[in-house]
Amino acid sequence: MPLRARQRCHAVLTGLTALVLPLALTAASAQAAAAPAADTWTEVGSDRADPLTESQGLASVEVPAGSPNRYTGIGTIPLGLSARGWNHVGDPDASYDGHYVEPYQRDDGNTKMFRVQAPDGRWSEYVHTLSPGEARNNSWSAITPDGQWMLSGEWGTMNRLLVFPTPGVNPATSPSANLPQAATVHLDHAVRDVQGCDFLDATTLLCSSDDPEGALFGITKPLLRIDLSAAPDGTADVTGRVTALRQLPLRSACSGSFEAEGVDYDRRTGTLRVIVVSPGFCVLTDSKTYRFTRS
């Protein structure tokens, strides 16, 4: 190539580079801003989970100070509730001001129930009449950081989460009135058999899925992250972007089907805890509450 032609070509390439490079950098910056930060949860320990009293869910309670962690299982259901048909308790949660909420379901009828303990120790019950198309299952509750709203989910393959005013906290609730569904979280990806969720912050949920198939995310029993488009406030629906972060630990002396259960995030220590129930006879011996920290 003649010298003049090479000079013209070099000038053209230099001009194109000067034009394209800032655009590329701008696009890369925008993409990086839109992408979620790395979210790696590393196992740091475990504790045995009692099959009767620690096999469904768990919650850390901040108020009163020094409160122990709470657990649910078939052995924690009061006899009076069981006699009235409330025979399953799910994964509970607690507001930062100390209201503790347990979700209950029954095998018949068209209601589900949330049992609330106030910081002064008093219990009350809030019953929700199912909306059209709503499943009877009441697997978990997750209270927003501001305490005013509560998310809950249904069993099976779902593309939504349900939003309620937090019973006992939101002034619009009363034990003598139906607890209404206030809004919906519309998920961008189906989830299956979610057993528990907890808020990491105002717009981020961490959830345990008991998915036995693995077709949705390429792994069974995944730990999920759901990034919300806005903090739920009960006035409008929001959307949720679902990401599978990792498979939950599946270790036991027995072989067979594990069951992923409830989840809790303790903001005071940055510790995530998830219950995994072992298969077969080992449900009695080596079911675990696994502890994770973010790295």
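Position labels on residues start from 1 in each chain and follow its written sequence. Only residues with pLDDT of at least 70 get local features here, since the model is predicted, and only at 80 or more are side-chain atom pairs given and counted; chain-wide, interface and lining totals rely on the full set of residues. Hydrogens and water molecules were not included; the side-chain quantities draw on all heavy atoms of the structure.

## Some remarks on the environment of F114
Here comes step 1: By secondary structure assignment, the location of F114 is in strand 7 (residues 111-117).
Here comes step 2: Sequence spacing of F114 and P92 is 22 residues, and the spatial spacing of their C-alpha atoms is 9.3 Å. Secondary structure elements follow DSSP: runs of H or I no shorter than four residues count as helices, runs of E no shorter than two count as strands, and numbering proceeds from the N terminus.

## Quick look at the sheet that holds strand 11 (residues 157-165)
Here comes step 1: By definition, two strands form a pair when at least two bridges between them are found by DSSP. Ordered in space as 9-10-11-12-16-15-14-13, the eight strands form an open sheet in which the pairing is mixed. Since the sheet does not close on itself, it has two edges, and those belong to strand 9 (141-143) and strand 13 (194-201), each with one partner. For this sheet, the mean inter-axis angle between neighbouring strands, taken without regard to orientation, is 25°.
Here comes step 2: Note that strand 14 (residues 204-209) and strand 15 (residues 222-228) share five bridges and pair antiparallel. Among the inter-strand pairings, L205 is bridged to a residue of strand 15, identified as I226. Only the stretch in contact is used when a helix axis is fitted, and all axes are lines through C-alpha atoms; the angle between N-to-C directions ranges over 0 to 180 degrees.

## A look at unusual backbone geometry
For residues other than glycine, phi is negative in most cases, and the peptide bonds are mostly trans.
Here comes step 1: Cis geometry marks the peptide bond from V63 to P64; its omega dihedral reads 0°.
Here comes step 2: Relative to the helices and strands, P64 resides in the loop between strand 2 (57-59) and strand 3 (70-72).
Here comes step 3: Phi is positive for D193, which is not a glycine, with a value near 55°.
Here comes step 4: By the secondary structure assignment, D193 is in the loop between strand 12 (183-192) and strand 13.

## Here we look at the confidence of the model for the protein
Here comes step 1: Confidence of the predictor at the level of single residues is given by pLDDT, which spans 0 to 100. Chain-level statistics for the protein give a pLDDT mean of 90 and a share of 87% at 70 or above.
Here comes step 2: Confidence over residues 1-37 falls short of pLDDT 50; this stretch has five contacts with residues more than four positions distant or in other chains. When checking whether two residues touch, look at their non-hydrogen atoms; a contact exists if any pair is within 4.5 Å.

## Re the environment of V127
Here comes step 1: One can find V127 in strand 8 (residues 123-129).
Here comes step 2: To sort residues, take the accessible area from a 1.4 Å probe on protein chains only and compare it with the maximum for the residue type: under 20% means buried, over 50% means exposed, and anything in between is partly exposed. Accessibility expressed as a relative area gives 30% for V127, which makes it partly exposed.
Here comes step 3: Each C-alpha atom of the pair V127 and L179 lies 5.8 Å from the other, and the pair is 52 residues apart in sequence.
Here comes step 4: Not counting residues up to four positions away in its chain, the partners in contact with V127 are T111, K112, M113, A177, N178 and L179.

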